[in-house]
Amino acid sequence: ILAHLRDRKRWSAVLYVLGLLSKVSVVPLPFVFLLLDWHRGRDFRRSLKDQAWLFLVAAVFVVIAFMGKTRGIASLSFGDTLLLAIQSAWFYPWKLIVPVSLSILYPPSASHAPVILSAIASIIACALVAWAVRKKIDAVSLAAGWYLLFLLPSFASFVRAGRVSVAVDHYAYLAILAPIALIVLLIDRLAKGRKTYAVIIACLSV
């Protein structure tokens, strides 16, 4: 990402391939590059042309990854996958804010409907807030896109070792950078002196 932002295309490409060889969850990175270029006001067609072969590389790794996930995907219907994706999308930010009852796997709640409805309501509320502050904090749309793009690969992995799991913490490592960056940006906007920074950081630490 840093290589891309500094217009070192070859380095960003090489590092992207190495990332894929390490963990296929970085596969959405070309889309994130497009998102970053859009946010920086760059021409979309030129950006798409620059990332064209990265999309081809990504497609190859996606095919390989799906070959290994066929059984897990087939065992869930589209409706179940969609409901789990909605719950998962809200689950990770909530655990970031309230990191309690952490676990290796998180089975779906017995009271499935209330959890899904509360997740939908929370996502809608966040979307409305993001829309309201989009002009003052233009990074909100970038952060939302970043978060969803990096979370997408995890939606194909709800079945692990024959068990359904709403979330697995390490799937969110790249996606969760977006809300963290927004929190940092908000602190930077609010804090106007070292004392304010100290108070905010102390509260966050607690």
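Residues numbered from 1 in each chain as written. Predicted model: local features only at pLDDT ≥ 70, side-chain atom pairs only at ≥ 80, totals over all residues. Heavy atoms only, no water.

### Let's talk about the overall build of the chain
Quick reminder of the rule: Helix and strand labels come from DSSP, where a helix needs a run of H or I of at least four residues and a strand needs a run of E of at least two; each type is numbered from the N terminus. Residue exposure (1.4 Å probe, protein chains only): buried if accessible area is under 20% of the type maximum, exposed if over 50%, otherwise partly exposed. Should any heavy atoms of two residues lie within 4.5 Å, those residues are considered in contact. In short, Shrake-Rupley with a 1.4 Å probe defines the accessible areas, and a residue's cover is counted only from the protein chains shown. Charged residues are defined narrowly, with Lys and Arg counted positive, Asp and Glu counted negative, and His plus the chain ends left uncounted. For this purpose, a charge sits on NZ of Lys, CZ of Arg, CG of Asp or CD of Glu.
Helix and strand content of the chain: 10 helices and 2 strands. Reading the chain from its N end, one meets helices and strands in the order α-α-α-α-α-α-α-α-β-β-α-α. Along the three orthogonal principal directions, the C-alpha set of the chain runs to about 55 × 45 × 30 Å. Buried residues in the chain amount to 33% of all 206 residues. Expressed as a percentage of contacts within the chain between residues at least 6 apart in sequence, the contacts between residues at least 24 apart total 75%. Split by element, the accessible area of the chain, about 13,500 Å² in all, is 70% carbon and sulfur. Between the mean site of the 22 positive side-chain charges and the mean site of the 8 negative ones, the chain shows a separation of 4 Å.

### With respect to the pattern of salt bridges
Note the threshold: One speaks of a salt bridge when a side-chain nitrogen belonging to Lys or Arg is within 4 Å of a carboxyl oxygen belonging to Asp or Glu.
Under the criterion given, the structure shown has 3 salt bridges. Residues Arg42 and Asp7 are paired through a salt bridge, measuring 2.8 Å at the closest nitrogen-oxygen approach. Here Arg42, found in the loop between helix H3 (29-39) and helix H4 (44-50), pairs with Asp7, found in the loop between helix H1 (2-5) and helix H2 (9-22); they are 35 residues apart in sequence, far enough to count as distant. For Arg42, a relative accessible area of 38% gives the class partly exposed. For the salt bridge of Asp37 with Arg40, the shortest nitrogen-to-oxygen distance reads 3.0 Å.

### A short note on the environment of Leu82
Structurally, Leu82 can be placed in helix H6 (residues 78-97). Overall, Leu82 belongs to the partly exposed group, its relative accessible area being 43%. Distance in space between the C-alpha atoms of Leu82 and Lys49 is 32 Å, their sequence separation being 33 residues.

### Structural notes on H2
Quick reminder of the rule: The span one expects for a helix is its residue count, reduced by one, times 1.5 Å. Within this analysis, the arc is defined by the directions that extend from the helix axis to the C-beta atoms.
In this model, H2 (14 residues) spans 20 Å end to end at C-alpha, consistent with the 20 Å of a helix rising 1.5 Å per residue. The complete set of buried residues in H2 reads Ser12, Ala13, Tyr16 and Leu20. One face of H2 carries all of its buried residues, which in axial projection span an arc of 100°. The exposed residues of H2 that point more than 90 degrees off its buried face are Arg10, Trp11, Leu21 and Ser22.

### Examining the side chain of Lys95
With respect to the element layout, Lys95 can be found in helix H6. Summary of buried charges: Lys95 has no salt-bridge partner, and the nearest side chain of opposite charge, Asp169, is 7.2 Å away. When sequence neighbours within four positions are dropped, the list of residues in contact with Lys95 reads Val100, Ser101, Leu102 and Tyr106.

### Concerning the packing of aromatic side chains
Threshold: Stacked, edge-to-face and tilted are the three classes for Phe, Tyr and Trp ring pairs, Trp counted by its six-membered ring, which pair at centre distances within 6.5 Å; planes under 30 degrees apart are stacked, over 60 edge-to-face, the rest tilted.
Counting across every chain of the model gives 4 aromatic pairs. Ring geometry for Phe91 against Tyr92: centres 6.0 Å apart, planes inclined by 90°, an arrangement best described as edge-to-face. Since its relative accessible area comes to 4%, Tyr92 is described here as buried.

### Some remarks on the nonpolar core
Condition: We call a set of buried Ala, Val, Leu, Ile, Met, Phe, Trp, Tyr and Cys residues a nonpolar core when their side-chain atoms join them within 4.5 Å.
In terms of nonpolar packing, the biggest core is built from 38 residues, with Tyr16, Leu20, Val32, Tyr92, Tyr147 and Leu151 touching the most fellow members. Secondary structure elements with two or more residues in this core: H2, H3, helix H5 (52-74), H6 and helix H8 (139-151). Examining the composition of this core, we find that 7 residues originate from one element, H8, more than from any other. Beyond its immediate sequence surroundings of up to four residues, Tyr147 is in contact with Ser88, Ala89, Tyr92, Pro93, Ala175, Ile176, Ala178 and Pro179.

### Notes on the environment of Pro30
By secondary structure assignment, the location of Pro30 is in helix H3. In this structure the C-alpha to C-alpha distance between Pro30 and Val199, which are 169 residues apart in sequence, comes to 38 Å. When neighbours within four sequence positions are excluded, Pro30 is seen to be in contact with Tyr16, Gln51, Leu54 and Phe55.

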